[in-house]
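Each chain, written out:
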Amino acid sequence: MTTYQPKPEHKFTFGLWTVGNRGRDPFGAEVRGTKTPAELVYLLGEVGAYGVNFHDNDLIPIDATPAEAETIKNSFRKALKDTGLVVPMATTNLFFDPIFKDGAFTSNDPKVRAYAMQKTMNAIDLGAEFGAKIYDFWGGREGVETDSSKNPVDAIKRNREAMNFFCEYVLDKKYDMKIVLEAKPNEPRADIYNATTGHMLAFIATLDHPEMVGVNPELAHETMAGLNFMHNVAQAWEAGKLFHIDLNDQYPGRYDQDLRFGSRDIKAAFYLVKFLEDVGYDGSRHFDAHAYRTEDFEGVKDFARGCMRTYLMLKEKASQFNKDSEIQALLAEINAVDPMFASVTGKYSAEKAKALKAMNFDRVKIASRGLKYERLDQLTIDLILGDR
Ligand code: GCO
Ligand code: MN
Ligand code: MN
């Protein structure tokens, strides 16, 4: 246990809604009691987390009076001070209250859209008050059950108008804050707009302040859509848009499971951690998951510790992979550079095109070479399972 001790530099964060999750599901009631935000901060301090994130209403109930809100904020602030935890990210709950049953910014009702804007501005203020530098938008209700009800182009335009409005609001208020967009294909709506991280990247390019907006890819969400999460993260990173990440685990083709990080597909988790560590991603590693419904609050701590421990074990495996001479020799062979082709590829020129067209390729001979990926993959498995 001691070797894989989480430290602030690892930037492990949890949401109040994750460790505070009471285990309710569509078929059963809560199995755990309620803890106050301050109590959850102490719990996170005990397990060694770096930060805590919240939705406006995780901290302050939607119908709290200003005086009640002050009292809650004061005990939360004290808990942060006592534990040294920080608040790197905040977000708005735009899905729980019945008013959002047909969406928030994409609702067909202008009153609902205006209320969602007002609620979000107040929530941005609350996030800024606690030092959040990342503001997350997960549009869980921004979708439909029936396409008779809404034009998807209108939905895109409404979403865009809202995001442009909030960028200007953040600039106007001079908050040191970036916005992240979190995609999910479905659940709770039958279909959610901007269903994947790739959609979000394309959408961001159409905003008035694209430089202020990045993505918050979530492992479970992309896996629900049957996609390779690490590839999507890599594309976001390459585009300079990986500002945040939601880690958990998930079986493909199922409802949203929010399993403990690394508990389902350990190999996919390995490639993901290796990617994040190799490129030097320095944002939060946010675990957007929750403990099994079988657990009490001791089990919640086991869950939280497990997420971080698995991440750190995989981080060590990733560095072992990078130092493994047999694996590296294979990679060097696979990636060997041939100077003969370097001169005719790359950026286009008429001369290169001419030279390339004149070349002779022994197609059959080139294709007959075995690539040793079976050996490479088994070495990776050996390493993950501890036999290297
Ligand atoms: C989900 C989402 C949420 C968001 C959270 C922050 O599937 O429920 O992942 O947990 O991340 O609401 O916006
Ligand atoms: Mn999720
Ligand atoms: Mn999430």
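A. Just the coordination of the manganese ion (ligand 3), in detail. For the manganese ion (ligand 3), the protein coordination sphere consists of Glu182 (OE), Glu218 (OE), Asp246 (OD) and Asp288 (OD), at 2.0 to 2.2 Å. Counting gaps between the donor residues of the manganese ion (ligand 3) yields the pattern E-x35-E-x27-D-x41-D. Taken as a pair, the manganese ion (ligand 3) and the manganese ion (ligand 2) lie 3.8 Å from each other and share glutamate 218 as a ligand. Highlighted residues: glutamate 182 in strand β6 (residues 178-182) and aspartate 246 in strand β9 (residues 246-247), separated in sequence by 64 residues. For the pair formed by glutamate 182 and aspartate 246, the shared burial category is buried.

B. The arrangement of the site of ligand 1 in detail. Taken together, 13 residues sit near ligand 1, with His55, Asp136, Glu182, Glu218 and Asp288 positioned nearest. One of the side-chain N or O atoms of glutamate 182 is found 2.8 Å from an oxygen atom in ligand 1. The separation between an oxygen atom of ligand 1 and a polar side-chain atom of aspartate 246 is 3.2 Å. In the complex, 92% of the free accessible area of ligand 1, which totals 340 Å², lies under the protein chains. Across the shell around ligand 1, the residue classes tally to three nonpolar, three polar and seven charged.

C. Highlighting the coordination of the manganese ion (ligand 2). Here the manganese ion (ligand 2) is held by the protein donor atoms Glu218 (OE) and His221 (NE2), which lie 2.1 to 2.2 Å from it. On the basis of relative accessible area, glutamate 218 is assigned to the buried category, the value being 0%.

D. Fine view of the domain arrangement of the chain. Assigned domains of the chain: these are domain 1 (8-322) and domain 2 (325-384). When each unit is reduced to the centre of its C-alpha atoms, the spacing between domain 1 and domain 2 is 40 Å. On the domain 1 side of the interface with domain 2, the three residues burying the most area are Lys267, Lys317 and Phe321, jointly 64% of the side's total. There are one salt bridge connecting domain 1 and domain 2. Measuring nitrogen to oxygen at the nearest pair gives 2.8 Å for the salt bridge that ties aspartate 377 to lysine 267.

E. Layout of the sheet that holds β9. Spatially, eight strands are ordered β8-β6-β4-β3-β2-β1-β10-β9 in an open sheet, and the strand pairing comes out parallel. Of all strands in the sheet, those with a lone pairing partner are β8 (213-215) and β9, marking the two edges. As paired elements, strand β1 (residues 12-15) and strand β2 (residues 51-55) share three bridges and run parallel to each other. Residue pairing across strands places glycine 15 opposite asparagine 53, the latter belonging to β2. Helix α5 (residues 110-129) rests against β2, β3 (89-91) and β4 (134-138) of the sheet, and its axis sits at about 145 degrees to β4.

Reading the values: the criteria
Residues numbered from 1 in each chain as written. Chains lettered and ligands numbered in written order. Predicted model: local features only at pLDDT ≥ 70, side-chain atom pairs only at ≥ 80, totals over all residues. Heavy atoms only, no water. Donors = N, O, S within 2.8 Å, 3.2 Å for Na, K, Ca; no water. Helix = DSSP H or I, 4+ residues; strand = E, 2+ residues; numbered from the N terminus. Buried < 20%, exposed > 50% of the residue type's maximum accessible area, 1.4 Å probe, protein only. Near = heavy atom within 4 Å. Polar contact = N/O pair within 3.5 Å; in protein donor to acceptor, adjacent residues only side chain to side chain. Areas by Shrake-Rupley, 256 points an atom, 1.4 Å probe, with all protein chains shown as cover. Nonpolar A, V, L, I, M, F, W, Y, C, P; charged D, E, K, R; others polar. Domains from an automatic or database assignment. Buried area = accessible area lost by both parts, 1.4 Å probe. Salt bridge = Lys/Arg side-chain N within 4 Å of Asp/Glu carboxyl O. Pairing = 2+ DSSP bridges. Contact = heavy atoms within 4.5 Å. Axes fitted to C-alpha atoms, helices over the stretch in contact; angles between N-to-C directions.

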